[in-house]
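Residues per chain are reported as follows:
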Amino acid sequence: MAITRDEVLETALLARLELAPEEIPALQADLAAILGYVATLAALDTAGVEPTTHAVPLDCPLRDDVTAPHLAHDEALRAAPAADEGCFVVPAIIGGDAPEGER
Amino acid sequence: MSDPTTVGAAELRERIARRELSSVEATRAYLDRIARRDGRLHAFLHVDEEGALARAAAIDAALARGEAPGPLAGVPVALKDIFVTRGIPTTCGSRILAGWVPPYDGTAATRLRAAGAVLLGKLNMDEFAMGSSNENSAFGPTRNPWDLQRVPGGSSGGSAAAVAASLCALALGTDTGGSIRQPASLCGVVGIKPTYGRVSRYGVIAFASSLDQVGPLGRGVADCALALEVIAGHDPRDATSLPAPVPRYRDAAGRGVRGLRVGVPTEYFGAGLDPEVAAAVTAAIESLRAAGAAVVSVSLPHTEYAIAAYYLICTAEASSNLARYDGVRYGLRVERPTLQGTYRATRAAGFGPEVKRRIMLGTYALRAGYYDEYYRKAQCVRTLVREDFRRAFERCDLLATPTSPLPAFRLGEKVADPLAMYLCDAYTTSCNLAGLPGMSLPCGFTAAGLPVGLQLLGRPLEEETIFRAAFAYEAAAPGSARRPPDPDALTGAAGAAGTAGAAPAATAAEPT
C-alpha cells in the first residue's frame, strides 16, 4: 500500500509533529509497510460484529461526590516551562504575523 | 544472614519482619549491587539512594517500636519509569519528560509505600512503553543479564533485567501488548499482567488506555502473588478499575493442578516459533499433566489477526494520549514564535523515532474517512478475539502457550524493521485485546543459555487459577529459574561466545 509524501505531511500536521526532510521518506516507507500488514484485516468478514471498546464489562461508574484536597496551584505550575501570575505562559495566539492555522 | 539479595521479596519480607536482618542492611546490599553491576546492564534510569536508605531506616524504627510489619515491610523495590512518583524524576524513557519531577504519587507507588516497601529507583523502558526490546529508550538500551549482547525484551525491559540480575527484590511494570510478559520471558523471571482493570492506572503514564495494565515482576511466583495482593483492588481515581474483591493469591500455593483443565491453543505452536522454545514449553505442559492437570487441545482461530488489530488500536489510542505533550504544562519546550510552531518543534525534538511512527500511524488511522476502515475494523476483530477465548474457556480453565516466539535476540537485530519487531508480540497481544490475565514464568533454557518463558492465560479476574498452576509448575521444576552470571563475567562478545552452546547450569549461576 502506497502512502504519498503529501499524506505524510498532512498527517504530521494533524499530529502536531514537525518532520525533518529525511524523516519523510522513511515514514512513507514504514507507514506503507505497516498499513500493508494491517490490511490483512480486510479479509475478515466483520458484518454484524459489534466493536469492543472495553474488554471487561463495567457499568459507567460514578464516585461519591465529596470534596477532597487537590494539587496546590503552585505545585501544578512548578514544572511548567514558563509560568507567570499563576498561569502557564505560551506564545501569543491572537494577533501577530503568523498565518491563520499556524498560531 | 549472608547476602540479602539472594532471596525474593516474599522471603525477604519474612526475614525482615522476624528482624533477622534490617531493611537498611537489605537496602544497602541492593544499592551496592546496583553500583557495582548496573553500569553494564543499564536497568536503572534513576537511583534514589538517599530516599531509599531514609525509608528503610524508618521501617526499621517502626519494627523496633513493635509496629506490625506491612506486607512488603522493608523490601527494596523498583518501578518502571512509567509510574509517576512524587519528588522522584519520571521520564517514561522519553526526552520530552527528561528532568520532570512529578508533584504527586500514582496509586501503585502509594500502595507500595503503604505496604512498607522501600523504593530504590526508576527502571529503564522503551519510550512511552512502545517497543519489545528496550532499544527505544531515549537514554540508551538495557542489556539482558544472561547475555549482554542481547536485549532484555520490552517495554518493561529494565524491570525484568533488574529482577533477573537481583538489583531489586521486586519490580512493577506495565503491559499493553506483552510488555511485562515478554521481557519476563527473555530475562527468566516471573511477570503477571492482571485482568484489565484489576490494578489502578492512576498515575501511570498512558499509552493505550483500553489495553494498559499494571503488574509485578519477581524472581518467584510467591513474590508476584504478594505484590499483586498489595497493588490490586478498586481505586476511585481510576474509572476503569474493577470493584471486585482481591483474593490472597499466595493461598494458591500447594493446591496443585489436579482437576484443572489446561488448554493448548494449536495456533500458538505454528510457523515462526523457535524449536527450542517449543520444546521447553511443551515439556512444561507435560510437567503440568504429570502433576495431575488434564491437557486439552483448543483453537483460537483469530490469533493471526491479533497483531494487526492490536497495532491499529494501540497507535490510535497513543496518538490521542500523547497529544498532551505540548510543551505547555511540563516537560520539554522548544519555543517558536507561534503556539502551533512551539507544539510541533517541541514534539519533534522530544519524541524518538518509534513514538513518532506510532503517533503518525494512529493519527492516519483515525483520520476522517479512514476511521471505519481501520480503528472500527480493529475493534470488531477485537470482539472476534474475545469470542475465541470465551469459547476456549468453555473447554478449559487455563491456557498454556509460549510467551515469546523467540528467546532474547541481539541488540540491533530488529531495530531497522519495525514490523519484524511487532511480530515479537505474536503470542501476547491477544490477551490484552481480550482483557485477560496472563503470566510468564521461566520454563527452561535454550542450548545457548537463554531463558524460555511459559505463558499462562486465565479467564477475566481468575488470576488465582494462574497462580495455582504457576506455583505447581514452579514446585515441580525447581531448576527452571536460576540467577544469571555476574555481568563482569560476560565481557562483550567474549561473554556472548562464552555462553554459546554451553548450558549455564547451576555452576554458571553466581555463588550465593
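Values in this document were obtained by computation on a predicted structure and should not be read as measured data.

## Observations regarding the overall build of chain A
(1) Moving on: Across its full length, chain A carries three helices and two strands.
(2) Moving on: If you list the helices and strands of chain A from N to C, you get α-α-α-β-β.
(3) Moving on: Expected size for 103 residues packed as a compact globule is a radius of gyration near 13 Å; at 23 Å, chain A overshoots this value by more than 25%.
(4) Moving on: Overall size of chain A, expressed as C-alpha extent along the three principal axes, is 55 × 50 × 25 Å.
(5) Moving on: Going through the 103 residues of chain A one by one, you find that 27% of them count as buried.
(6) Moving on: Within chain A, counting contacts between residues at least 6 apart in sequence, those at least 24 apart form 29% of the total.

## Concerning the nonpolar core
Residue and element names in this part refer to chain B.
(1) Moving on: Counting residues in each nonpolar core, the largest one holds 174 residues, and the members touching the most others are Phe128, Phe389, Leu456 and Phe467.
(2) Moving on: No other element matches the eleven residues that helix 9 (residues 306-321) contributes to this core.
(3) Moving on: Beyond its immediate stretch of four places on either side in the chain, Leu456 contacts Leu288, Leu398, Leu399, Ala400, Pro437, Gly438, Met439, Leu441, Ile466, Ala469 and Ala470.
(4) Moving on: Core analysis: the second largest hydrophobic core is formed by six residues, Val151, Leu186, Ala408 and Cys424 among them.

## A closer look at empty space enclosed by the protein
Residues and elements named next belong to chain B.
(1) Moving on: By the definition in use, this model includes five cavities of 30 Å³ or more.
(2) Moving on: In this model, the largest cavity occupies a volume close to 70 Å³.
(3) Moving on: Taken together, 14 residues make up the lining of the largest cavity; nearest its centre are Gly131, Ser132, Ser179, Tyr310 and Asp425.
(4) Moving on: Residues of the lining of the largest cavity, tallied by class, amount to five nonpolar, seven polar and two charged.

## Observations regarding the confidence of the model for chain B
(1) Moving on: Per-residue confidence for chain B gives a mean pLDDT of 93, with 94% of residues at or over 70.
(2) Moving on: Note that residues 491-512 of chain B has pLDDT below 50 and, in this model, 34 contacts with residues that lie over four places away or in other chains.

## Notes on the interface of chain B and chain A
(1) Moving on: Residue-level contacts link 66 residues of chain B with 55 residues of chain A.
(2) Moving on: Surface buried jointly by chain B and chain A totals about 5,500 Å² across both partners, of which 67% is contributed by carbon and sulfur atoms.
(3) Moving on: Connecting chain B to chain A are six salt bridges.
(4) Moving on: Notably, a salt bridge pairs Lys356 of chain B with Glu23 of chain A, separated by 2.9 Å at the nearest N-O pair.
(5) Moving on: At the junction of chain B and chain A, the tally comes to 21 residue pairs in polar contact (both at pLDDT 80 or more).
(6) Moving on: At the level of secondary structure, the elements contributing two or more residues to the side of chain B that touches chain A comprise helix 9, helix 10 (339-350), helix 11 (353-366), helix 12 (372-395), helix 13 (418-422) and helix 14 (429-434) of chain B.

## Examining unusual backbone geometry
All names here are of chain B.
(1) Moving on: Here the residue pair Gly154 and Ser155 is connected by a cis peptide bond, since its omega of 5° sits within 30 degrees of zero.
(2) Moving on: Examined against the element boundaries, Ser155 turns out to sit in the loop between strand 3 (118-123) and helix 5 (157-164).
(3) Moving on: Backbone geometry at Cys92 places phi at a positive 60°, although glycine is not the residue there.
(4) Moving on: Summarising the element assignment, Cys92 is placed in the loop between strand 2 (76-80) and helix 4 (107-114).
(5) Moving on: According to the relative accessible area criterion, Cys92 is buried, its value standing at 0%.
(6) Moving on: Phi at Ala129 takes a positive value of approximately 65°, unusual for a residue other than glycine.
(7) Moving on: Structurally, the position occupied by Ala129 is in the loop between strand 3 and helix 5.
(8) Moving on: Judged by relative accessible area, Ala129 falls into the buried class, the value being 2%.

Rules behind the numbers
- Residues numbered from 1 in each chain as written.
- Chains lettered and ligands numbered in written order.
- Predicted model: local features only at pLDDT ≥ 70, side-chain atom pairs only at ≥ 80, totals over all residues.
- Heavy atoms only, no water.
- Helix = DSSP H or I, 4+ residues; strand = E, 2+ residues; numbered from the N terminus.
- Rg over C-alpha atoms; globule rule 2.2 N^0.38 Å.
- Buried < 20%, exposed > 50% of the residue type's maximum accessible area, 1.4 Å probe, protein only.
- Contact = heavy atoms within 4.5 Å.
- Core = buried A, V, L, I, M, F, W, Y, C linked by side-chain atoms within 4.5 Å.
- 1 Å grid on protein atoms, 1.4 Å probe; cavity = no way out; pocket = protein on both sides within 12 Å on 5 of 7 lines; lining within 4 Å.
- Points joined across faces, edges and corners; volume = space filled by probe spheres on them.
- Nonpolar A, V, L, I, M, F, W, Y, C, P; charged D, E, K, R; others polar.
- pLDDT = per-residue confidence, 0-100.
- Buried area = accessible area lost by both parts, 1.4 Å probe.
- Salt bridge = Lys/Arg side-chain N within 4 Å of Asp/Glu carboxyl O.
- Polar contact = N/O pair within 3.5 Å; in protein donor to acceptor, adjacent residues only side chain to side chain.

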